[in-house]
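Listed here are the chains, written in short residue letters.
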Amino acid sequence: MKYMTAEPFRIKMVEPIKKTTKAYRQECLKKAQYNSFRLRAEDVYVDCITDSGTSAMSQEQWSAMMLGDESYAGSRSFYRLEASAQEIFGMPYVQPTHQGRAADYIMASIYAKPGMYAIGNMHFDTFRGNAEVMGCIPLDFCIMEGQKANQDYHPFKGNIDIPRLAKMLETEAEKVCCIIITVTCNNNGGQPVSMENIRETSKLAAQYGIPVIMDSARLAENAYFIRTREAGYENTPIKEITREMFSYVETATMSSKKDGLVNIGGLFVTRNENIYHRANQLAIVHEGFITYGGMSGRDMDALAVGLQEVTDLAYLEYRINQVKYLGDKLKEKGVPIIEPTGGHGVYVDGRKFFPQIPQHEFPSQRLVVALYEEAGVRAVEIGACAFGKKDPVTGEDIWPELETMRICVSRRVYTNNHLDVIAQALGDIYQKRDTYKGMRLVYEGPITSLRHFTAGFELL
Ligand SMILES: *Cc1c(COP(=O)(O)O)cnc(C)c1O
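Keep in mind that what you see is a predicted model, and the values were worked out from it rather than measured. (Residues numbered from 1 in each chain as written. Predicted model: local features only at pLDDT ≥ 70, side-chain atom pairs only at ≥ 80, totals over all residues. Heavy atoms only, no water.)

Under the defined criterion, the tally for this structure stands at 13 aromatic pairs. Relative to phenylalanine 453, the ring of phenylalanine 37 has its centre 4.8 Å away and its plane inclined at 65 degrees; by these criteria the two rings are edge-to-face. Taken as a pair, phenylalanine 37 in the loop between helix H1 (22-31) and strand S1 (46-47) and phenylalanine 453 in helix H18 (residues 451-454) lie far apart in primary sequence, 416 residues in all. The exposure class of phenylalanine 37 is partly exposed, given its relative accessible area of 30%. Ring centres of tyrosine 72 and tyrosine 292 lie 5.2 Å apart, and the angle between their planes is 70 degrees; this geometry places the pair in the edge-to-face category. Remark: tyrosine 292 occurs in the loop between helix H11 (273-286) and helix H12 (297-310) and tyrosine 72 occurs in the loop between helix H2 (59-65) and helix H3 (76-89); sequence separation between them is 220 residues. An aromatic cluster is defined as three or more aromatic residues linked by ring pairs; in this entry it consists of Phe353, Phe354, Tyr430 and Tyr436. Lying across the ring of tyrosine 430, arginine 433 places its NZ or CZ 3.9 Å from the centre. (Phe/Tyr/Trp six-rings, centres within 6.5 Å; stacked < 30°, edge-to-face > 60°. Helix = DSSP H or I, 4+ residues; strand = E, 2+ residues; numbered from the N terminus. Buried < 20%, exposed > 50% of the residue type's maximum accessible area, 1.4 Å probe, protein only. Lys NZ or Arg CZ within 6 Å of the ring centre and 35° of its normal.)

And the structure:
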């Protein structure tokens, strides 16, 4: 719509954010051992560490909260959430959970089998972790274009590599317990999965009787990419697209902290009555009774409304284009980013940004520190620290392919002015990029795969 290019909302309530000096931020960094997770949020000007649980709710959601029914069993809020989820997922059975990872735990308990493979496009940490605890072996089968810090354009970098999957199943199908598709693919930048790829994966799996499941924290963002990038969906309503996506899978989990447009909660949704009953049992033990699963009635009401708002086309247009706006601004300044920009953030290529810093000196982490120091903007490293591993035999470091700084954009929270601050600051850092040196890891917790949350660094 001509001229209607600004945010499809206006601001009714504001939350002040603090402006600080560079000297103050340098102190903060020192105290936090140069780990952005350890900064105090009040010392952050623009917070882009995650898009999880950080959304701003609408007036409709806040008013729905007042109608929350806090009954232990069978509350009205549950039935409103159930109806809303059924409409989005096209599946009959809905089990709420307190967060996405709790739904992942239930899903892994049911689908991940010891000694067998769980194949995914790129497993997200919480399903991967839960599957590993079950003794299952998660394998990533994302297409080549989506695997590395690759700047070549591909519209669906979250796709599963179908030929590779077909070849593997020919010989090892009996060792595969499930195939899990994460939409959008979180770990490579919120890159979408095409409808064709979901359909093909499901068809292939059906030949071998392997269940296909979905981790769908960003289901609406994925649907919007299908609508705008895949032939045949240009005029399809978003909810029809989401329902078709889920029509190819048996069960799905969702962290409602993303496309639920709420601050907490999760969902386990299935079309299989047996699976639902098993999920109910696990929910009762770990989460809460079937009709609340660890959520309060008011939170379920806010989510029921959020699921509807997130599938609104005007919202999604704003959302995806705001992320792209940041990507375009960075490109204008020469900053190397992963393209195309995904649904929930922009990933800056740490190796290309700081070619003088070797991977074992954490170039992307160095960039996170520089960005906070320069402008009070908090991003997060997705690279050598977050995904570095140790060889189980030799104890030697294994460095990941992906070496990036992730700048997440919270939903309905920041204006493009805030994004301009990020682009300006990163552009300035890029101008003097030769002057930066790397970092040394001086503290890490006992579990390597979780070390980025608590790690401590020193500047070299
Ligand atoms: C965030 C996320 C989860 C975990 O959800 P929480 O609500 O943080 O527990 C699982 N899968 C994906 C793809 C996610 O993005």
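Anyway, onward from the coordinates.
Along the polypeptide, arginine 319 turns up in helix H13 (residues 313-332). Since its relative accessible area comes to 1%, arginine 319 is described here as buried. The sequence separation of arginine 319 and glutamate 7 amounts to 312 residues, and the corresponding C-alpha distance is 8.7 Å. Among residues more than four places away in sequence, those in contact with arginine 319 are Asp51, Glu221, Gly343, His344, Val409, Ser410 and Arg411. A distance of 2.7 Å separates the side chain of arginine 319 from the backbone oxygen of valine 409, its partner in a polar contact. (Contact = heavy atoms within 4.5 Å. Polar contact = N/O pair within 3.5 Å; in protein donor to acceptor, adjacent residues only side chain to side chain.)

Judged by how many residues are buried, strand S9 (residues 345-349) sits mostly within the fold: five of five residues are covered. A two-sided burial pattern is seen for S9, the buried positions comprising Gly345, Tyr347 and Asp349 on one face and Val346 and Val348 on the other. The pairing of S9 with strand S14 (residues 404-408) spans five bridges and is classified as antiparallel. For tyrosine 347, the partnering residue across the bridge sits in S14 and is arginine 406. (Pairing = 2+ DSSP bridges.)

Time to look at the sheet that holds S9. Strands belonging to one sheet form pairs held by backbone hydrogen bonds; the direction of such a pair is parallel or antiparallel. The antiparallel open sheet is built from three strands, whose spatial order is S9-S14-S11. Two strands in the sheet have a free side with no partner beyond their single neighbour: S9 and strand S11 (380-382). Neighbouring strand axes in the sheet, compared pairwise and without regard to direction, differ in orientation by 35 degrees on average. Of the pairings in the sheet, the one linking S11 to S14 comprises three bridges and is antiparallel in character. Each residue of the ladder has a partner; that of isoleucine 382, found in S14, is threonine 404. Against the sheet, H13 makes contact with S9 and S14, and its axis sits at roughly 25 degrees relative to S9, the strand it touches most. (Axes fitted to C-alpha atoms, helices over the stretch in contact; angles between N-to-C directions.)

Backbone phi values are negative for most residues with the exception of glycine, while trans is the configuration of most peptide bonds. Residue threonine 184 is reached from valine 183 by a cis peptide bond, and omega for that bond is -25 degrees. Mapped onto the secondary structure, threonine 184 falls in the loop between strand S5 (176-182) and helix H8 (195-207). The step from glutamate 339 to proline 340 runs through a cis peptide bond, and the omega angle for that step is -10 degrees. With respect to the helices, strands and loops of the structure, proline 340 is situated in the loop between H13 and S9. In this structure, tyrosine 34 is a non-glycine residue whose phi angle is positive, near 60 degrees. Secondary-structure assignment places tyrosine 34 in the loop between H1 and S1. Under the relative-accessibility criterion, tyrosine 34 is labelled buried at 13%.

All chains considered together, the criterion is met by 28 salt bridges. Here arginine 128 and aspartate 140 are joined by a salt bridge, their closest N and O atoms 3.0 Å apart. Taken together, the residues arginine 128 in helix H5 (residues 125-133) and aspartate 140 in strand S4 (residues 137-140) connect sequence positions 12 residues apart. Across the pair arginine 411 and aspartate 259 runs a salt bridge, and its minimum N-O distance is 3.2 Å. With a gap of 152 residues between them, arginine 411 in the loop between S14 and helix H17 (416-431) and aspartate 259 in the loop between strand S7 (251-255) and strand S8 (266-270) connect regions that are remote in the sequence. Per residue, the accessibility class of arginine 411 equals that of aspartate 259, and both read buried. Bridged by salt links that share partners, the residues Asp51, Arg218, Glu221, Asp259, Arg319 and Arg411 form one connected network. (Salt bridge = Lys/Arg side-chain N within 4 Å of Asp/Glu carboxyl O.)

Right, let's talk about the site of the ligand for a bit. Around the ligand, the structure places 14 residues, and the nearest of them are Gly100, Arg101, Asp215, Ser255 and Lys258. In the model, an oxygen atom of the ligand is placed 2.6 Å from a nitrogen or oxygen of the arginine 101 side chain. Within the complex, 97% of the 380 Å² of free accessible area of the ligand lies under protein. No other element matches helix H4 (residues 100-111), which puts three residues into the shell around the ligand. Grouping the constituent residues of the shell around the ligand by class yields two nonpolar, six polar and six charged. (Near = heavy atom within 4 Å. Areas by Shrake-Rupley, 256 points an atom, 1.4 Å probe, with all protein chains shown as cover. Nonpolar A, V, L, I, M, F, W, Y, C, P; charged D, E, K, R; others polar.)

Right, let's get into the environment of methionine 57. Looking at the element boundaries, methionine 57 is found in the loop between S1 and H2. Among residues more than four places away in sequence, those in contact with methionine 57 are Trp62, Met65, Leu261, Val262, Asn263, Ala302 and Arg412.

For the protein chain, the assigned domains are domain 1 (22-51 + 313-459) and domain 2 (59-309). If you average the C-alpha positions of domain 1 and of domain 2, the two centres end up 27 Å apart. On the domain 2 side, the residues contacting the 27 residues of domain 1 number 30 residues. The largest share of the area that domain 1 buries against domain 2 comes from Leu316, Pro340 and Arg411, three residues that together contribute 22% of it. Our enumeration of links across domain 1 and domain 2 arrives at five salt bridges. The closest approach of N and O atoms between arginine 411 and glutamate 221, which form a salt bridge, is 3.0 Å. Inspection of the region where domain 1 meets domain 2 yields 12 residue pairs in polar contact (both at pLDDT 80 or more). Contributing elements (two or more residues each) for the side of domain 1 that touches domain 2: H13 and S9. Considering every element that reaches the side of domain 1 that touches domain 2, the biggest residue donor is H13, with seven residues. Taken together, the residues of the side of domain 1 that touches domain 2 break down into 11 nonpolar, six polar and 10 charged. (Domains from an automatic or database assignment. Buried area = accessible area lost by both parts, 1.4 Å probe.)

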